[in-house]
Amino acid sequence: MFALVDVNSFYTSCETVFRPDLLGKPVVVVSNNDGCIISRSAEAKKLGIKMGAPYFKIKDELRRQNVAVFSSNYALYADLSHRVMSILMEMAPAVEVYSIDEAFINVTGVANCIALETFGRQIREQILKNTGLTVGVGIAPTKTLAKLANFAAKTWSKTKGVVDLSDPERQRKLLALVPVDEVWGVGRRIGKKLNQMGIENALQLAECSTWVIRKHFNVVLERTVRELRGEPCLEMDEFAPAKQQIICSRSFGHRITEYRDMQQAVCAYAERAAEKLRAERQYCCVISVFMRTSPHAENEVFYGPQASGRLAIPSNDTRDIIRVAGQALERIWQDGFRYMKAGVMLSDFFSQGVAQLNLFDDYQPRHNSQALMQTIDRLNLSGRGTVWFAGQGSQKNWAMKREMLSPGYTTRYADLPVAK
DNA sequence: TCTGGGGTCCTAGGACCC
DNA sequence: TCTGGGGTCCTAGGACCC
């Protein structure tokens, strides 16, 4: 038996925790670069503000409706997320952190001691008390049904945020009420195709023959169908598997036309990617760089090349990553374009920085690599300040736009809230 | 002027091998 | 008139998720 716990309007709720004056008011959070809407408070949803709407298009409307707007403050959200997850880990025997704002819990044994719905309510109370955030809880025999139960808990207020879907009869009733594209694993494309085949709601999908699904779609959707019927196909993944790739990419605050600016941006992304790689305790061999012009711009030719380079020996030393990324960039750079975005991707990971060497390989091992990287990481994690490589430059013409950023309430000493 | 970022899994097709 | 069968590995692209 699974429970899915997720935080309601996570990003906006994080903002209002520290701004109680905004409670009950429409609040939205916009993506990096103040690009589009990625989180809305209940009041903002009521105003009809759409998820993913480009901010520049609805800016005036938001001002007219008196909507509070925040740039994304991921340092804040990640910190509150950790707090929520550690409460869950105290209360439940097994927790799978599925995303920044949701987790699956294994509640198989819990029913022997306490009604599952009661357990769901206890989780809710505990998290609200300790973090100020409200969660929804969906309980069911498969992950896909637990997702659906959670959807029901959010959609119908009389559930008071908790839905136990253990009972098969209840499952059928709910499935019949839910449009097929609300099912976990059914996105826009597949939803549309299912509609064309006459499958409108989740119950119809559950009753569809797996043979038909396999023929017209794939094994992934077949698993979804089985899960909807109550047959578990997905298990708890309590321990995050090792990453296979790491991407660090950003849109620029302004279009970039100068090679020098692009070099700096790529250097900064390479540094950040290397930092993530070390946090994973991994080493990589392949470093790719990509960049692109705006796909939306009319009267401009789209250009979006990618290039990669390989290290002879797996490394997580920022200097190696920057060097190869710089060489890759050199190969794809073209003057005359207005670049919107770039990124650095690491892949081909190893758990150690060693490789079988050829007899005639000629390479110079670095003696100070580990100690230097550790020192950099420790400084940057301390919350007291940061150090970076000179290749990033100091002008940062490429830096992203975050004009409505809230303070680092929990992650910067200077921004700690003061109780009066 | 202006449309996020970071992942995973699966499949199809090409290169190459015997 | 005509050109096997079976396998592996790699990459690109498409779908999904939050």
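Parameters and conventions
Residues numbered from 1 in each chain as written. Chains lettered and ligands numbered in written order. Predicted model: local features only at pLDDT ≥ 70, side-chain atom pairs only at ≥ 80, totals over all residues. Heavy atoms only, no water. Near = heavy atom within 4 Å. Polar contact = N/O pair within 3.5 Å; in protein donor to acceptor, adjacent residues only side chain to side chain. Helix = DSSP H or I, 4+ residues; strand = E, 2+ residues; numbered from the N terminus. Phe/Tyr/Trp six-rings, centres within 6.5 Å; stacked < 30°, edge-to-face > 60°. Pairing = 2+ DSSP bridges. Axes fitted to C-alpha atoms, helices over the stretch in contact; angles between N-to-C directions. Nonpolar A, V, L, I, M, F, W, Y, C, P; charged D, E, K, R; others polar. Contact = heavy atoms within 4.5 Å.

Enquirer: Explain the protein's contact with DNA strand B to me, please; I cannot follow it from the model alone.
Expert: Residues in close proximity to DNA strand B total 24 residues, the closest being S31, I247, S249, R250 and S251. A share of 69% of the atoms of DNA strand B within 4 Å of the protein falls on sugar and phosphate groups. Within the side chain of R255, a nitrogen or oxygen atom sits 3.1 Å from a phosphate oxygen of DNA strand B. Put simply, the parts of the chain that give the surface near DNA strand B at least two residues each are α3 (55-64), α11 (219-228) and β9 (245-256).

Enquirer: Looking at this model, I keep getting lost on the packing of aromatic side chains. Mind explaining?
Expert: The geometry of an aromatic ring pair is captured by the separation of the ring centres together with the interplanar angle, meaning the angle of the planes. In the structure shown here, the tally under the stated rule is 15 aromatic pairs. Centre to centre, the rings of F10 and Y77 are 6.4 Å apart; their planes meet at 65°, and the pair counts as edge-to-face. Here F10 is found in helix α1 (residues 10-17), whereas its partner Y77 is found in helix α4 (residues 74-91), with 67 residues between them in sequence. Ring centres of Y303 and F337 lie 4.6 Å apart, and the angle between their planes is 15°; on these two criteria the pair is classed as stacked. With Y303 in the loop between β10 (283-293) and β11 (306-315) and F337 in the loop between α13 (318-332) and β12 (339-350), this residue pair connects regions lying 34 residues apart in the sequence.

Enquirer: Can you walk me through the sheet that holds β12 in this structure?
Expert: Taken together, four strands build an open sheet; the order of strands is β9-β12-β10-β11 and the sheet is antiparallel. Here the strands that pair on one side only, and so sit at the sheet edges, are β9 and β11. Recorded for the sheet is a direction-independent mean angle of 15° between the axes of neighbouring strands. Across six bridges, the pairing between β10 and β11 is antiparallel. Opposite C284, over in β11, you have S315 as the bridge partner.

Enquirer: Quick question: what am I supposed to make of the protein's contact with DNA strand C here?
Expert: Not every one of the 13 residues close to DNA strand C is listed here, only the nearest: S99, K147, G185, G187 and I190. Taken together, the sugar and phosphate atoms account for 100% of what DNA strand C places within 4 Å of the protein. Within the side chain of K147, an N or O atom sits 2.7 Å from a phosphate oxygen of DNA strand C. One nitrogen or oxygen atom from the main chain of V186 is found 3.3 Å from a phosphate oxygen belonging to DNA strand C. Within the residue set of the surface near DNA strand C, elements represented by two or more residues are β5 (94-99) and α8 (188-196). Broken down by class, the residue content of the surface near DNA strand C amounts to five nonpolar, three polar and five charged.

Enquirer: Before we go on, may I ask you to explain the sheet that holds strand β2 (residues 27-30) in this structure?
Expert: Adjacent strands of a sheet pair through backbone hydrogen bonds, lying either parallel or antiparallel. Taken in spatial order, the three strands make up an open sheet running β3-β2-β4, and their pairing is mixed. Two strands close off the open sheet at either side, each with one partner strand: β3 (37-40) and β4 (68-71). On average, adjacent strands in this sheet sit at an angle of 25° to one another, irrespective of strand direction. Examined bridge by bridge, β2 and β3 share three bridges and lie antiparallel to one another. Of the residues in β3, the one forming a bridge with V30 is I37. Packing against the sheet, α1 makes contact with β2, β3 and β4, and its axis sits at approximately 115° to β2.

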